[in-house]
Amino acid sequence: MGRCYFSGSNSGDGFFNYFDGIVPPWAHLKRYFMIKGGPGVGKSTLMKRVAEKAEQAGEEVERFYCSGDPDSLDAVRLVEREIVFADATAPHCMDPRFPGAVEEIVNLGEQIDRARIVKYRDAVEMLFNKNKESYRKAYAFLGAAKALETERYKEIASCADNEKIAKCAKEIAELAGKKEERQIRRLFLDAISCKGCLSFVSRVTDGNKVYRITGEYKDVVADLLSAAVEADRKEVFCSPLRPQCVNHMLLRDSAILLTSEEGTDGTELLSENFLKKECDKTTEVFFNEARHMEEEAMKCLRECKKIHDELEEIYKASVNFERINERTEQLCLLVFSL
């Protein structure tokens, strides 16, 4: 399996997405299939089929998973073919900018039997509203966690040794070579989900020179270092809680990975060595309370997943999957004949 990412995040700002990062700014795009339809109609299954078929042909595939349901895909990118398939429904609704020339809508919702689904209207409305309320509670907890982490970040950043950070960033940049394009791709490798805190960092370590930041302040130092590194084609992977901050950075052209992930091999950079003075003890309190808020949020996200599963079961009973499968195979024939 190729590289895996999260394109969106359950964050302290509500649902936050970097769908623009699905296609790197330095890459070309030929076709973009925007998939529409309700829960359980087969959007993710269609994308999994396309990804599997591409990999069977030996092609590079990038998968973008859903932070709300990590078993489902938000998008797939066929790298050599310069083609993207993406879920274009809420909470990441999309419409074509260049209809036909680049983007094309694939409406799987056409295969929903209205005569059947309308019988469940009251249940559907109730479940959608219940799901919305559970997400509201989850984001309230995540908002509280973000506020705590923001105060912690400010304290640690005020203690940072900017000269040491700049020196280390320069050394990494020199290994990366030329600095002409300065293009940045933003995505997530981590997620706060119904299945807990998830990470795809292990999927990007192979073949890269890894700098592993350790210690109590590793997340803040990772963000400060990533911001200071000047390099071409920089891929930054943001904090799911605070998407404005960077947890990991990959310089793919020079095969350099900077990460704050535990358990990875590589050159260790102890975060405490990048401080010029000791941080106030409140940082530990902020950290522990933020984790508690995240745990409460994940309880709500588990409830959201349960409700979504109920919605999917209702829709599945009202969908013509024979026609969905036919449409999936038609798209595969189209894509793999290009």
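Each chain carries its own residue numbering, running from 1 in the written order of its sequence. Local features in a predicted model are, by the rule used here, given only for residues with pLDDT of at least 70; side-chain atom pairs are given and counted only at 80 or more, and totals for whole chains, interfaces and linings are based on all residues. Values shown for side chains rest on all heavy atoms present in the structure; no hydrogens or waters enter the calculation.

**A short note on the overall build of the protein**
Step number 1: Comment: elements are numbered from the N terminus, with helices defined as DSSP H or I runs of at least four residues and strands as E runs of at least two. What the protein contains, in helices and strands, is seven helices and 16 strands.
Step number 2: Radius of gyration here uses only the C-alpha atoms, and the compact-globule reference equals 2.2 Å multiplied by the residue count raised to the power 0.38. Here the protein has a C-alpha radius of gyration of 22 Å; the compact-globule value for 338 residues is 20 Å, and the two agree.
Step number 3: Oriented by its inertia axes, the alpha-carbon framework of the protein measures out at about 70 × 45 × 30 Å.
Step number 4: Relative accessible area decides the class of each residue, using a 1.4 Å probe on protein chains only: under 20% of the type maximum gives buried, over 50% gives exposed, and in between gives partly exposed. Across the 338 residues in the protein, those meeting the buried criterion constitute 52%.
Step number 5: Within the protein, contacts between residues separated by at least 24 positions form 80% of all contacts whose residues are at least 6 apart in sequence.
Step number 6: We treat Lys and Arg as the positive residues and Asp and Glu as the negative residues; His and chain ends play no part in the count. One atom stands in for each charge, and that atom is NZ of Lys, CZ of Arg, CG of Asp or CD of Glu. Looking at charge distribution, the protein has the averaged site of its 51 positive side-chain charges lying 2 Å from that of its 59 negative ones. Throughout, a residue-residue contact means that at least one pair of heavy atoms, one from each residue, lies within 4.5 Å.

**As for the sheet that holds strand E5 (residues 61-65)**
Paired through their backbone hydrogen bonds, the strands of a sheet run either parallel or antiparallel.
Step number 1: Following DSSP output, two strands are said to pair if at least two bridges run between them. Ordered in space as E1-E5-E6-E7-E4-E8, the six strands form an open sheet in which the pairing is mixed. In the strand order of this sheet, the two ends are held by strand E1 (4-6) and strand E8 (103-107), each with one partner. Strand after strand, the sheet turns through a mean of 20° between neighbouring axes, direction not considered.
Step number 2: Both strand E6 (residues 73-78) and strand E7 (residues 83-87) contribute to a ladder of four bridges, which runs antiparallel. Note on E7: the bridge partner recorded for Val76 is Phe85.
Step number 3: Sheet strands in contact with helix H1 (residues 43-56) are strand E4 (31-36), E5, E6 and E7, and its direction is about 25° off that of E6.
Step number 4: Sitting on the sheet, helix H7 (residues 321-335) is in contact with E4, E6, E7 and E8, with an inclination near 175° to E4. Only the stretch in contact is used when a helix axis is fitted, and all axes are lines through C-alpha atoms; the angle between N-to-C directions ranges over 0 to 180 degrees.

**A short note on the pattern of salt bridges**
Step number 1: Whenever a carboxyl oxygen of Asp or Glu lies within 4 Å of a side-chain nitrogen of Lys or Arg, that contact is scored as a salt bridge. Counted under the stated rule, the structure contains 31 salt bridges.
Step number 2: The closest approach of N and O atoms between Glu55 and Arg63, which form a salt bridge, is 2.8 Å.
Step number 3: Overall, Glu55 belongs to the partly exposed group, its relative accessible area being 25%.
Step number 4: One salt bridge connects Arg291 with Glu294, and the closest N-O pair in it is separated by 3.1 Å.

**Quick notes on the packing of H1 against H7**
Step number 1: Between H1 and H7, the least distance of the axes is 10 Å, while the angle of their chain directions is 35°. Considering how the two elements wind past one another, H1 and H7 form a crossing that is right-handed. Of the residues in H7, those in contact with Leu46, Arg49, Val50 and Lys53 of H1 are Thr328, Glu329, Leu331 and Cys332. Here a crossing is taken to be left-handed if its near helix is turned anticlockwise relative to the far helix by less than a right angle, and right-handed if that turn runs clockwise.

**Considerations on the state of the cysteines**
Step number 1: A pair of sulfur atoms, both from cysteines and within 2.5 Å, is called a disulfide here. Inspection of every chain in the model, using the stated rule, returns zero disulfides.
Step number 2: As a non-bridged cysteine, Cys4 has Cys66 as the owner of its nearest cysteine sulfur, 14 Å distant.
Step number 3: Of all cysteine sulfurs in the structure, the one in Cys159 sits closest to Cys279, which takes part in no disulfide; the separation is 3.8 Å.

**A short note on the nonpolar core**
Step number 1: For the purposes of this section, nonpolar cores are sets of buried Ala, Val, Leu, Ile, Met, Phe, Trp, Tyr and Cys residues that join through side-chain atoms within 4.5 Å. Judged by nonpolar contacts, the single largest core of 50 residues is most densely connected at Ile22, Tyr32 and Phe85.
Step number 2: Breaking this core down by element, the ones donating at least two residues are E1, E4, H1, E5, E6, E7, strand E13 (234-238) and H7.
Step number 3: With five residues, H1 is the largest single contributor of residues to this core.
Step number 4: Leaving out residues up to four positions away in the same chain, Tyr32 has contacts with Phe19, Ile22, Val84, Ala86, Met94, Val102, Glu103 and Glu104.
Step number 5: Counting residues in each nonpolar core, the second largest holds 22 residues, with Ile172, Ala176, Met249 and Phe274 among its members.

**Let's talk about helix H4 (residues 162-176)**
Step number 1: Relative to the 21 Å expected for 15 residues at 1.5 Å per residue, H4 spans 21 Å between its end C-alpha atoms, a close match to the ideal helical length.
Step number 2: If you follow the buried residues of H4, they end up packed against strand E12 (209-214), helix H5 (218-228), strand E14 (246-251), strand E15 (256-259) and strand E16 (267-270).
Step number 3: Looking at the residues trailing H4, positive phi occurs at Gly177, about 85°. Take the residue count of a helix, subtract one, and multiply by 1.5 Å to get its expected span.

Interpretation note: all reported values are geometric properties and have no functional meaning in isolation.
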